[in-house]
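Listed below are the residues making up each chain.
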Amino acid sequence: MSKKPQEVIKTTVQYIEFLRETMDKAVEDMTPFDEAYAATDWGDFIHLPAFEEANRRNAYQVYLSLEQEGMQ
């Protein structure tokens, strides 16, 4: 449990917005996921809990979702 829930929520929102912005640009530019992921500066978020374990999977899910949205 966090002692600063508002800060956690703010950081989470920033992380999700960053994921969507960076992966959306990659999808629009037709950049393959691995290339887009490697080129992204994750520096503002590497301190987050479980970043190493979950970030690549999170980014890939967002990438796939945005690809799907683009096909509709």
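Here, every reference points to the structure presented above.
As the structure is a prediction and not an experimental result, all values here were calculated from the model.

What counts and how
Residues numbered from 1 in each chain as written. Predicted model: local features only at pLDDT ≥ 70, side-chain atom pairs only at ≥ 80, totals over all residues. Heavy atoms only, no water. Helix = DSSP H or I, 4+ residues; strand = E, 2+ residues; numbered from the N terminus. Buried < 20%, exposed > 50% of the residue type's maximum accessible area, 1.4 Å probe, protein only. Contact = heavy atoms within 4.5 Å. Areas by Shrake-Rupley, 256 points an atom, 1.4 Å probe, with all protein chains shown as cover. Salt bridge = Lys/Arg side-chain N within 4 Å of Asp/Glu carboxyl O.

Section: the overall build of the protein
Tallying secondary structure elements over the protein gives three helices and zero strands in all. Moving toward the C terminus, one meets the helices and strands of the protein in the order α-α-α. Taken along the three principal axes of its C-alpha coordinates, the protein extends 40 × 25 × 15 Å. Expressed as a percentage of the 72 residues in the protein, the buried residues total 31%. Within the protein, counting contacts between residues at least 6 apart in sequence, those at least 24 apart form 62% of the total. Of the accessible surface of the protein, which amounts to about 5,600 Å², a share of 54% is contributed by carbon and sulfur atoms.

Description of the pattern of salt bridges
Applying the stated criterion to the full structure yields three salt bridges. Put simply, Lys25 and Asp29 hold a salt bridge, and the shortest N to O gap is 2.6 Å. Of the residues examined, Asp29 reaches a relative accessible area of 44% and is grouped as partly exposed.

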